[in-house]
Amino acid sequence: MAKVVVITSGKGGVGKTTSTAALGAALAQSGQSVVVVDFDVGLRNLDLVMGAERRVVYDFINVTQGIAKLPQALIRDKRLHTLALLPASQTRDKDALTEEGVLRVITALRQMFDWVICDSPAGIERGATLAMRFADAAIIVTNPEVSSVRDSDRIIGLLDAKTVRAERGERVEKHLLITRYDQGRAARGEMLSINDVLEILATPLLGIVPESEEVLRASNLGSPITLNNPGSAPARAYLDAARRLMGEDIEMTIPSDKQGLLGKLFGRRAA
Amino acid sequence: MTSFVPPRQSTRFICRSYTAVVLAPQPPIIEWVADIDERIKDAGSFFVGPPVVLDLSAVTLSKSAIEHLVTELEQRGVRVMGIENVDPAQTGASLPPLLRSSRGASTDANAAGSPVRDARRGAATLLLDKPIRSGQSIFFPDGDVTVLGSVGSGAELVAGGSIHIYGTLRGRAMAGSHGNARARIFCSKIEAELLAIDGHYLTADLMDKGLRDRPVQAWLEGNAVRITTLD
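Read on for a plain summary of the structure. Everything numeric in this text was worked out from a predicted model, so none of it was measured.

As for the overall build of chain A
Along its length, chain A carries 14 helices and 8 strands. Whereas a compact globule of 271 residues would reach a radius of gyration of roughly 18 Å, chain A reaches 18 Å, a difference of no more than 12%. Along the first, second and third principal axes, the C-alpha set of chain A runs to 60 × 40 × 35 Å. Counting all 271 residues of chain A, 55% fall into the buried class. For chain A, the proportion of contacts with a sequence separation of at least 24, taken over those separated by at least 6, is 74%. Carbon and sulfur atoms provide 50% of the accessible area of chain A, an area that totals close to 12,300 Å². Counting 34 positive and 33 negative side-chain charges, chain A places the averaged centre of each group 4 Å from the other.

This is the structure:
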């Protein structure tokens, strides 16, 4: 039975698209069949981060409007044959999405994949509410700073009120993913601590992704970080998070790129 | 030639209840209006925007005086949706419609102190066993509200009676919203943006910094909201 997961945050720029690509690839790397769906109609980015921007022919809106068939719009990843992308339209806006159209596409994707990962646009308007509408689970991406945390709190409220599951009286499984975490700055009190964030949001933690240049490097190369540099700290955080999402019990750590004393003496970073 | 006229759907009348802010002017009116100006300055836009009901039980005004008062309020951004506790002869088409409140004048000292009323108040409690998230708004004019989780920054809790929060209060809590000066606010940790009891406000700026993160209660002493720790 397929699982529909929405990656959401309320606030923009916290790492939803990066996390969608990284987690989608991580799940596919462990043999699951995965589709990542870009709901950011008009401002699509996921195709770039996935390195598929030159292969887009049809998009999500074309499928909802019956102009293209779903298999025509899906783009298979060249590196991972179990990973696929459904790109958003860049020329339309969020009003082009309809609830019936989204339901039809999600229902069809459920038949074809183990995981349907929906990359939500920022905000709480139509695009974001339709991205979460049919989700079984949600990953709330939060940066450890007050505005991001408050927006996440708002989104959690919406997940408990505006999803089909919530309206049926069922629970939407919720996971918190803290990204851009800088241990040094948190220790100096320049950033909210993990405990502060968890206390405010009262939602179970899926993973902590450290701030790293590797993330930007992977985005620019059009490769999910978990594929581009699986040994890097953020990639290890995402790989662990994906295993927790699959129900494995893994100790929570904050991976680090810091080299040990021997590494400093003898080694260069393997990248 | 015959034409087919589709049967007209019968008109339906729907009754709905809404919560509104009630303003009860006290004599002398000029000072009361000045006080409202002061409140708008302190509390920002709390009653600017949402519809307001004017309770005229404490004053005796002629029709033209009521019209003048409504205009004065409108100039301050306060929109009057209805008037209550006024002689119907003093109202008319030029004024907002006359409302009949089921609970009577809330500022009436005798009614507020009557045991029957208190017993009924005590019976109604709203229990919320989940955190109140940012952007959520809870209105419970009938009595106390108890929250087992936290109240998020940007969330709003309005209760006719007292408010009990067993988590952290980060948003706004307004107790005694229907004229109950005896209502209190309790929380196990305070980081509130705003506290209000019976229309008297205290914003985060005015709260003692030493109280932050501590378990406290807030109550009304005269016209001032007081806060003390519970530990």
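Thoughts on the sheet that holds strand S6 (residues 137–142) of chain A
All names here are of chain A. Taken together, 8 strands build an open sheet; the order of strands is S3-S4-S2-S5-S1-S6-S7-S8 and the sheet is mixed. Where the open sheet ends on each side, the last strands, each with one partner, are strand S3 (75–76) and strand S8 (205–210). The sheet strands contacting helix H1 (residues 16–29) are strand S1 (3–8), strand S2 (34–38), strand S4 (83–86), strand S5 (115–119), S6 and strand S7 (173–181), and the helix crosses S5 at an angle near 170°. Across the sheet, helix H5 (residues 99–112) is in contact with S1, S2, S4 and S5; its angle to S5 comes to roughly 145°.

Let's talk about the pairing of S1 of chain A
Residues and elements named next belong to chain A. With 5 of its 6 residues buried, S1 lies for the most part within the structure. As paired strands, S1 and S5 are joined by 5 bridges and run parallel to one another. Across the sheet, Lys3 pairs through a bridge with Trp115, a residue of S5. Sheet topology places S1 next to S6; 4 bridges connect them, and they run parallel. When the bridges of S6 are listed, Thr8 appears paired with Ile140.

Here we look at the pattern of salt bridges
All names here are of chain A. The final tally for this structure, using the stated rule, is 28 salt bridges over all chains. Across the pair Glu99 and Arg133 runs a salt bridge whose closest N-O atoms are separated by 3.0 Å. With a gap of 34 residues between them, Glu99 in helix H5 and Arg133 in helix H6 (residues 126–133) connect regions that are remote in the sequence. Of the residues examined, Glu99 reaches a relative accessible area of 32% and is grouped as partly exposed. Linking Arg110 and Asp136 is a salt bridge whose minimum nitrogen-to-oxygen distance equals 3.2 Å. With Arg110 in helix H5 and Asp136 in the loop between H6 and S6, this residue pair connects regions lying 26 residues apart in the sequence. The structure contains a network of salt bridges with shared partners spanning Arg110, Asp136, Arg165, Arg168 and Glu170.

A short note on the side chain of Ser212 of chain A
All names here are of chain A. Residue position: Ser212 is located in the loop between S8 and helix H11 (213–221). The class of Ser212 is buried, set by a relative accessible area of 15%. Beyond its immediate sequence surroundings of up to four residues, Ser212 is in contact with Pro234 and Asp257.

A look at the nonpolar core
All names here are of chain A. Formed by 49 residues in total, the largest nonpolar core has its most connected members in Phe39, Leu86 and Leu109. By residue number, the principal contributor to this core is helix H7 (residues 146–162), which donates 5 residues. Those residues in contact with Phe39 that sit more than four places away from it in its chain are Phe60, Lys94, Leu97, Val102, Ile106, Cys118, Asp119, Ser120, Pro121, Gly127, Leu130 and Ala131. Core analysis: the second largest hydrophobic core is formed by 36 residues, Ala21, Leu83, Ala218 and Ala235 among them.

Section: a nonpolar patch on the surface
Judged by side-chain polarity, Leu127, Leu148 and Tyr166 of chain B come together as a nonpolar surface patch covering roughly 350 Å² of accessible area. The topology assignment puts Leu127 of chain B in strand S5 (residues 125–128).

So, the packing of H1 of chain A against helix H13 (residues 233–245) of chain A
Residue and element names in this part refer to chain A. Look at H1 against H13: their axes get within 9 Å of each other, and the N-to-C directions meet at 65°. It follows from the interaxial angle that H1 and H13 lie roughly perpendicular. In this structure, H1 meets H13 at a crossing whose hand is right-handed. Only Tyr238, Leu239, Ala241, Ala242 and Leu245 of H13 make contact with H1, whose side of the interface consists of Thr18, Ser19, Ala22, Leu23, Ala26, Leu27 and Gln29.

Details of the environment of Leu216 of chain A
Considering the arrangement of structural elements, one finds Leu216 of chain A in helix H11. Linking Leu216 of chain A and Val49 of chain A, residues 167 residues apart in sequence, is a C-alpha distance of 9.7 Å.

A look at empty space enclosed by the protein
In the structure shown here, the tally under the stated rule is 2 cavities of 30 Å³ or more. Thr18, Ala21, Ala22, Val49, Val215, Ala218, Ser219, Ser223, Pro224 and Ile225 of chain A together form the lining of the largest cavity. Lining the second largest cavity, in full, are Asp153 and Ile200 of chain A together with Pro131, Ile132, Arg133, Ser150, Val151, Gly152 and Arg170 of chain B. Counted by class, the lining of the second largest cavity contains 4 nonpolar, 2 polar and 3 charged residues.

Things to note about the environment of Thr98 of chain A
Note on placement: Thr98 of chain A falls in the loop between S4 and H5. Along the primary structure Thr98 of chain A and Leu130 of chain A are separated by 32 residues, whereas in three dimensions their C-alpha atoms are 8.0 Å apart.

Digging into the interface of chain A and chain B
Of the residues lining the interface, 11 residues belong to chain A; the matching set on chain B comes to 13 residues. Summed over both sides, the interface of chain A with chain B buries roughly 910 Å², with 40% coming from carbon and sulfur. Here Asp153 of chain A makes a salt bridge to Arg133 of chain B, at a shortest N to O gap of 2.9 Å. Applying the counting criterion to the chain A and chain B interface returns 7 residue pairs in polar contact (both at pLDDT 80 or more). Looking at the side of chain A that touches chain B, the elements that each hand over two or more residues are H7 and helix H10 (194–201) of chain A.

What counts and how
- Residues numbered from 1 in each chain as written.
- Chains lettered and ligands numbered in written order.
- Predicted model: local features only at pLDDT ≥ 70, side-chain atom pairs only at ≥ 80, totals over all residues.
- Heavy atoms only, no water.
- Helix = DSSP H or I, 4+ residues; strand = E, 2+ residues; numbered from the N terminus.
- Rg over C-alpha atoms; globule rule 2.2 N^0.38 Å.
- Buried < 20%, exposed > 50% of the residue type's maximum accessible area, 1.4 Å probe, protein only.
- Contact = heavy atoms within 4.5 Å.
- Areas by Shrake-Rupley, 256 points an atom, 1.4 Å probe, with all protein chains shown as cover.
- Lys, Arg positive; Asp, Glu negative; His and termini not counted.
- Charge placed at Lys NZ, Arg CZ, Asp CG, Glu CD.
- Pairing = 2+ DSSP bridges.
- Axes fitted to C-alpha atoms, helices over the stretch in contact; angles between N-to-C directions.
- Salt bridge = Lys/Arg side-chain N within 4 Å of Asp/Glu carboxyl O.
- Core = buried A, V, L, I, M, F, W, Y, C linked by side-chain atoms within 4.5 Å.
- Patch = residues over 30% accessible without salt bridge, like charges linked within 9 Å, V, L, I, M, F, W, Y side chains within 5 Å.
- Parallel < 35°, antiparallel > 145°, perpendicular 65-115°, else oblique.
- Left-handed = near helix turned anticlockwise from the far one by under 90°.
- 1 Å grid on protein atoms, 1.4 Å probe; cavity = no way out; pocket = protein on both sides within 12 Å on 5 of 7 lines; lining within 4 Å.
- Points joined across faces, edges and corners; volume = space filled by probe spheres on them.
- Nonpolar A, V, L, I, M, F, W, Y, C, P; charged D, E, K, R; others polar.
- Buried area = accessible area lost by both parts, 1.4 Å probe.
- Polar contact = N/O pair within 3.5 Å; in protein donor to acceptor, adjacent residues only side chain to side chain.

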